Amino acid sequence: FIHKLIMIIMIHKKIVLLTLVLSISFVSIAQQTPAPKQTKSILIINAKTHVGNGTVIENCAIGFKNGKIDVVTNTNNVAKGNYETIIDAKGKEIYPGFIAPNSTLGLVEIDAVKSSDDESEIGTFNPHVRSIIAYTADSKVVETVRPNGILMAQITPRGGLISGTSSIVQLDAWHWSDALIKENDGIHMEFPSSFKRSGSWFEPGTIEPNKDYTTQIQEVNNFFVNAKAYNSTAPKERNLVLESTKGLFNGEQTLFIHADEAKQMVDAIELAKSNGILKIVIVGGYEAYKIGSFLKTNQVAVLLKRVHDMPENDDDDVDLPYKLAKLLTDQGVIVGLENSGAHERMATRNLPFLAGTCAAYGLDKEQALQLITSNTAKILGIDSFCGTLEVGKDATLFISEGDALDMRTNKLSAAFIQGRAISLETHQTKLNDRYKEKYNQK
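A few points on the structure. (Residues numbered from 1 in each chain as written. Predicted model: local features only at pLDDT ≥ 70, side-chain atom pairs only at ≥ 80, totals over all residues. Heavy atoms only, no water.)

Strand order in the open sheet formed by eight strands is β6-β7-β8-β9-β12-β13-β14-β15, with mixed pairing between adjacent strands. This sheet does not close on itself; its edge strands, each paired only once, are β6 (98-103) and β15 (335-337). Ignoring strand direction, the axes of neighbouring strands in this sheet form an average angle of 25°. Lying over the sheet, helix α9 (residues 320-330) contacts β14 (301-304) and β15, oriented at roughly 175° with respect to β14. (Pairing = 2+ DSSP bridges. Helix = DSSP H or I, 4+ residues; strand = E, 2+ residues; numbered from the N terminus. Axes fitted to C-alpha atoms, helices over the stretch in contact; angles between N-to-C directions. Contact = heavy atoms within 4.5 Å.)

To continue, consider α9. Turning to α9, its buried residues number three or more, namely Leu320, Pro321, Leu324, Ala325 and Leu328. In an axial view of α9, the angular spread of the buried residues amounts to 155°, which keeps them on one side of the axis. Along its buried surface, α9 packs onto α8 (292-297), β14, β15 and α10 (351-360). Count one or two residues on from α9 and you reach Gly332, which has phi positive near 85°. (Buried < 20%, exposed > 50% of the residue type's maximum accessible area, 1.4 Å probe, protein only. Arc of directions from axis to C-beta.)

Enumeration over the complete set of coordinates arrives at 22 salt bridges. Here Glu183 ties to Arg130 by a salt bridge, and the two come within 2.2 Å at their closest N and O atoms. Note that Glu183 is positioned in strand β9 (residues 180-190) and Arg130 in the loop between β6 and α2 (140-145), a separation of 53 residues in sequence. When its relative accessible area of 40% is taken as the criterion, Glu183 is described as partly exposed. The structure contains a network of salt bridges with shared partners spanning Asp111, Glu119 and Arg345. (Salt bridge = Lys/Arg side-chain N within 4 Å of Asp/Glu carboxyl O.)

On to unusual backbone geometry. Look at Asn102: it is not a glycine, yet its phi comes out positive at around 45°. With respect to the secondary-structure elements, Asn102 resides in strand β6.

All right, on to the pairing of β6 then. With six of six residues buried, β6 is to be regarded as a mostly interior element. One crossover worth recording links β6 to the parallel strand β7 (residues 150-155) by way of α2, and it is right-handed. (Right-handed = clockwise from strand over helix to strand, strands pointing away.)

Look at helix α4 (residues 213-231) against helix α7 (residues 262-274): their axes get within 10 Å of each other, and the N-to-C directions meet at 25°. The pairing of α4 with α7 is recorded here as roughly parallel in orientation. In this structure, α4 meets α7 at a crossing whose hand is right-handed. Note on element contacts: α7 touches α4 through Lys263, Gln264, Asp267, Leu271 and Ser274, opposite Tyr213, Ile217, Val220, Asn221 and Phe224. (Parallel < 35°, antiparallel > 145°, perpendicular 65-115°, else oblique. Left-handed = near helix turned anticlockwise from the far one by under 90°.)

Its place among the elements puts Asn231 in helix α4. One polar contact links the side chain of Asn231 to the main-chain carbonyl oxygen of Ala227, over a distance of 2.8 Å. Discounting residues that sit within four places of it in the chain, Asn231 has contacts with Leu242, Glu243, Thr245, Lys246 and Phe249. (Polar contact = N/O pair within 3.5 Å; in protein donor to acceptor, adjacent residues only side chain to side chain.)

Our next topic: the state of the cysteines. In the structure shown here, the tally under the stated rule is zero disulfides. Free cysteine: Cys60, not disulfide-bonded; nearest cysteine sulfur from Cys386 at 18 Å. (Disulfide = S-S within 2.5 Å.)

Attention shifts here to the nonpolar core. Core analysis: the biggest nonpolar cluster contains 83 residues, and Phe98, Tyr135, Leu171, Phe224, Ile257, Leu295 and Leu337 have the highest contact counts within it. The element best represented in this core is α4, accounting for seven residues. If we ignore the near neighbours within four places in the chain, the residues touching Leu295 are Ile269, Ile282, Ala288, Val300, Val302, Leu328 and Val333. (Core = buried A, V, L, I, M, F, W, Y, C linked by side-chain atoms within 4.5 Å.)

A separate point is the environment of Val108. In this fold, Val108 is placed in the loop between β6 and α2. Separated by twelve residues in the primary sequence, Val108 and Ser120 have C-alpha atoms spaced 10.0 Å apart. Discounting residues that sit within four places of it in the chain, Val108 has contacts with Ser116, Asp117, Asp118, Glu119 and Arg345.

Honestly, that's just the spatial picture; any functional story needs more than this.
Listed below in structure tokens is the structure:
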């Protein structure tokens, strides 16, 4: 009996100790406290403002109340007495909040810790899987992207032929329900590739035709045929998988087709159109420049894959990834930038610098800015309230010390989401302050 009692006491002590350790851990990894709702009106004056639609306003004043922009004009024309807080941003620049589409922010915290990885579901056809309910609003990774101006993201699932449903969030919230700005905006499909690649990063490998391509396409087509039939009648039995695709056929949702090859994209778009799917966007689109006129005719926009990458084919120009946005824009295709791939969550903070590279390789600087603001907002269907700095839209914006597309001058002094002044502090800034103090640096 005494032996058992000692064992119980020891186990109890371990549980208490473990609880204490976990509590300390959770406290130490918590994100910055979300900002409260805007209560005082704010006016920013004397700034160079990049509206996000190609327009630049010098000596601009932007005012916002209750989370909405109510004035965008020259500083000399604004009635400053109408605002409770005035910020003088002379010599600085104002931008709309950048938007990161096709992102897994908040779905994975630490890649090596399986229990923190919730980006994909088992199975082949998962349109009913909603990524938003797995989104962790207080992710430590999320807080690292805000100091570079990324204030919104499309949270997107991975895996299978049909991965699931994405939703769009703002990046300063207590919970996924607080973060939502557009729920279930689209369904994502990984379209079969017409080729199979072997090898790895350290060996070339081979490229061979995918012998199962026709069969795989037929499987996808059969799914959409059944889904359309189900949603056009009154079914006797409820099927949640097929029911979740209803928005594709009535125009409420977009089908995001993840594909890179020209043939693959053409086949995918024709398949979608033949099944009555109304809104289509290509994600990746490495060879989209080869079918630009086809994309424009079919009103299909492209979210280009990470442009900081190497060419995929032996005969590609060495700088092709950098030029893709320019090539597509010149053909009249609406283009946005996404950043999926290796270390994609941590590298989300580099999104503005992807746009900067597109500017260095042919696009006008304001056109490049549109790749991560107004163009992306149009593609995601949220341009009625964000993406540009216009009266009536959300006051989601930031003040930068200089050019926000240049990593040397992208230095934020303030940022606002729906009028709320958010924290730009991160674990990294805390370490920076800590060691500056240790070594008595300014």
